[in-house]
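If you want the building blocks of each chain, they are given just below.
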Amino acid sequence: MFADAGSDVTIHARRPEVVAEINVRHQNARYLPEAVLPDRLRVTVAPVEALAGVRHVVLSIPAQALRANLAAWARASSRTRSC
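Rules used throughout
- Residues numbered from 1 in each chain as written.
- Predicted model: local features only at pLDDT ≥ 70, side-chain atom pairs only at ≥ 80, totals over all residues.
- Heavy atoms only, no water.
- Helix = DSSP H or I, 4+ residues; strand = E, 2+ residues; numbered from the N terminus.
- Buried < 20%, exposed > 50% of the residue type's maximum accessible area, 1.4 Å probe, protein only.
- Contact = heavy atoms within 4.5 Å.
- Areas by Shrake-Rupley, 256 points an atom, 1.4 Å probe, with all protein chains shown as cover.
- Core = buried A, V, L, I, M, F, W, Y, C linked by side-chain atoms within 4.5 Å.
- Salt bridge = Lys/Arg side-chain N within 4 Å of Asp/Glu carboxyl O.
- Patch = residues over 30% accessible without salt bridge, like charges linked within 9 Å, V, L, I, M, F, W, Y side chains within 5 Å.
- Arc of directions from axis to C-beta.

Draft legend 1. Expanded view of the overall build of the protein chain. Check the secondary structure of the protein chain and you find three helices and two strands. Listing the helices and strands of the protein chain from first to last along the sequence gives β-α-β-α-α. Taking the principal axes of the C-alpha coordinates as reference, the protein chain spans close to 40 × 25 × 20 Å. Burial analysis of the protein chain (83 residues in total) assigns 23% to the buried set. Within the protein chain, counting contacts between residues at least 6 apart in sequence, those at least 24 apart form 56% of the total. Here the protein chain has roughly 6400 Å² of accessible surface; of this, 57% comes from carbon and sulfur atoms.

Below you can see the structure in the form of structure tokens.
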């Protein structure tokens, strides 16, 4: 929705193959086989990169994966701040 409205959007994905598919082909064949994703949508496996310079964050994670994702992002954030 944000990318369709003209905003640059970066999202975080856990699997590098999903990142490559979306960034190169603008598709996510597994979950959205018929959809062509907007050119303004970019994907990264690096949570710090996904959050760099953002004004807004939308968090949409299945409840069963939330704790593990937040812990991984906190670790990544700590490594970045200590460099």
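Draft legend 2. The nonpolar core, seen in detail. Membership of the largest hydrophobic core is limited to nine residues, which are A3, V9, A13, V18, V19, I22, L37, L41 and V43. Counting only elements with at least two residues in this core, the list comes to α1 (16-25) and β2 (41-44). Ranked by the residues each element gives to this core, the list is headed by α1, at three residues.

Draft legend 3. Representation of the pattern of salt bridges in the model. Counted under the stated rule, the structure contains four salt bridges. Between R15 and E17 there is a salt bridge, and its shortest N-O distance comes to 3.0 Å. In this structure, R42 engages E49 in a salt bridge whose closest nitrogen and oxygen atoms are separated by 2.2 Å. According to the relative accessible area criterion, E49 is partly exposed, its value standing at 38%.

Draft legend 4. Geometry of the environment of P38. Position of P38 among the secondary structure elements: in the loop between α1 and β2. For P38, a relative accessible area of 22% corresponds to the partly exposed category. When the C-alpha atoms of P38 and G6 are compared, they prove to be 9.4 Å apart, with 32 residues separating the residues in sequence. Excluding residues within four positions of it along the chain, P38 makes contact with A3, D4 and H26.

Draft legend 5. Representation of the environment of A74. Following the sequence through the fold, A74 ends up in helix α3 (residues 63-82). Taking the C-alpha atoms as reference points, A74 and P47, separated by 27 residues in sequence, lie 9.2 Å from one another.

Draft legend 6. The arrangement of a nonpolar patch on the surface in detail. On the surface, M1, F2 and V58 cluster together into a nonpolar patch covering about 410 Å² of accessible area. When you line up the elements, M1 lands in the segment before β1 (9-12).

Draft legend 7. Region of the structure containing α1. Inspection of α1 places V18, V19, E21 and I22 among the buried residues, and these make up the whole buried set. Across the axial projection of α1, the buried residues extend over an arc of 165°, all falling on one side. Of the residues in α1, the exposed ones pointing more than 90 degrees away from the buried face are P16 and V24. Structurally, α1 contributes buried residues whose contacts are with β2.

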